[in-house]
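Descriptive structure summary
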Amino acid sequence: MSARTAAGQHGPSVRTAFVPGGRVGGWAERFAAAHGGYQPIDDDDGLRLIADDGAEALLQPPWPVDGRPGRGTDALERLVSLASQPRRLGLLLVRRGGYGVAVVSEGLVLASKLGSTYVQSRTAAGGQSQQRFARRRSNQADALVEAVAKQAQRVFSAEVFEYVVPGGDRALAGLVLEHPALNGYAGLPRLAYLDVPDPKAAVLKKAAADACSVRIQVTDPRP
């Protein structure tokens, strides 16, 4: 479960992975073995592992402390303990091709709803055709937001949770969360956004696991 991006033509590559709390200790050991050891630095962004060969890993817990800090003798143990706490999240994934809504805990889906939708892509056509297309696209997007918000309200009302995790199309997800049907959840803190494709069953399952995992961004040493 990782994604790799280039940080420039001649810069180091960066990859992101999601690792369950219980496996982070083993991951850190393998990182140390691969890069000659590391120095941990705990800062506001998360726990940084600065390797001897120049590689760097930024480990971020899936949720804030919120008065329930992890236990341990060092920063890594405390992060693992924090990430292993069973907290409940409301997951909202929206893209033009579909949506997925769920309540999750410990990486598992407790309640969910999936649906297929369609919002046309933008067009380069001009004149009246472009105006008609823009109105049609806007109407489709409005209908999508309305439908997803109502489904989210039904799913969210089935379970109690304390955080919202948006994902997919940022603009659409934001509009859904602003819908009056979800006013009761407007005050809940939002966790890190998840970049996902059109939500299907497998996508929703993976997103549930990722939302409850430690987000690890590894920057390889410069060549």
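In what follows, the accompanying structure is described. (Residues numbered from 1 in each chain as written. Predicted model: local features only at pLDDT ≥ 70, side-chain atom pairs only at ≥ 80, totals over all residues. Heavy atoms only, no water.)

1. Overview of the pattern of salt bridges
This is how it is decided: We count a salt bridge whenever a side-chain nitrogen from Lys or Arg sits within 4 Å of a carboxyl oxygen from Asp or Glu. Numbered from the N terminus, helices here are DSSP runs of H or I no shorter than four residues, and strands are runs of E no shorter than two. Any residue under 20% of the maximum accessible area for its type is buried, any over 50% is exposed, and the rest in between are partly exposed; the area is computed with a 1.4 Å probe on protein chains only.
In this structure the tally under the stated criterion is 9 salt bridges. The closest approach of N and O atoms between aspartate 198 and arginine 95, which form a salt bridge, is 3.8 Å. With aspartate 198 in the loop between α4 (170–177) and α5 (201–211) and arginine 95 in strand β6 (residues 88–95), this residue pair connects regions lying 103 residues apart in the sequence. Of the charged contacts in the structure, one is a salt bridge between lysine 150 and glutamate 146, with a shortest N-O distance of 3.2 Å. Residue lysine 150 and its partner glutamate 146 are both found in helix α3 (residues 127–156); the two are separated by 4 residues, about one turn of the helix. On the basis of relative accessible area, lysine 150 is assigned to the partly exposed category, the value being 40%. Assessed through its relative accessible area of 33%, glutamate 146 is described here as partly exposed. Three or more residues joined by partner-sharing salt bridges are found here, namely Asp43, Asp45, Arg48 and Glu56.

2. Overview of helix α1 (residues 24–35)
The α-helix winds at 3.6 residues per turn, so residues separated by three or four positions along the chain end up facing the same way. We count it as follows: An expected span of 1.5 Å times one less than the residue number is assigned to each helix. Summarising the geometry, the arc corresponds to the directions from the helix axis toward the C-beta atoms.
The first and last C-alpha atoms of α1 sit 16 Å apart over 12 residues, in line with the 16 Å expected at 1.5 Å per residue. Residues of α1 that are buried: Val24, Trp27, Ala28, Phe31 and His35. Along the axis of α1, the buried residues cluster in a sector spanning 100°; they form a single face. Within α1, the exposed residues directed more than 90 degrees away from the buried face are Glu29, Arg30 and Ala33.

3. A look at the side chain of arginine 48
Using the following cut-off: Under this definition, polar contacts are N or O atom pairs within 3.5 Å; protein pairs additionally need one hydrogen-donor-capable and one acceptor-capable atom, and for neighbouring residues in sequence, both atoms have to be side-chain atoms. In what follows, a contact means two residues having at least one pair of non-hydrogen atoms within 4.5 Å.
Among the structural elements, arginine 48 can be located in strand β4 (residues 46–51). Judged by relative accessible area, arginine 48 falls into the buried class, the value being 19%. At a separation of 2.8 Å, a polar atom in the side chain of arginine 48 contacts the side chain of aspartate 43. Reaching out from arginine 48, the side chain makes a polar contact with the side chain of glutamate 56 at a distance of 2.6 Å. In contact with arginine 48, other than residues within four places in its own chain, are Gln39, Pro40, Ile41, Asp43, Glu56, Ala57 and Leu58.

4. Observations concerning the packing of aromatic side chains
Rules: We call Phe, Tyr and Trp rings a pair once their centres come within 6.5 Å, taking the six-membered ring for Trp, and we label the pair stacked below 30 degrees between planes, edge-to-face above 60, and tilted otherwise. Charge-over-ring placement is defined geometrically: NZ (Lys) or CZ (Arg) within 6 Å of the ring centre, and within 35 degrees of the ring normal.
In total, this model carries 5 aromatic pairs according to the counting rule given. Plain terms: the ring middles of phenylalanine 31 and tyrosine 38 are 6.2 Å apart, the flat faces sit at 50° to each other, and that makes the pair tilted. The class of phenylalanine 31 is buried, set by a relative accessible area of 4%. The exposure class assigned to tyrosine 38 is partly exposed, which follows from its relative accessible area of 26%. Pairwise contacts between aromatic rings join Trp27, Phe31 and Tyr38 into one cluster. Between the NZ or CZ atom of arginine 170 and the centre of the ring of tyrosine 193, over which it lies, the distance is 3.7 Å.

Keep in mind these values describe shape, not function.
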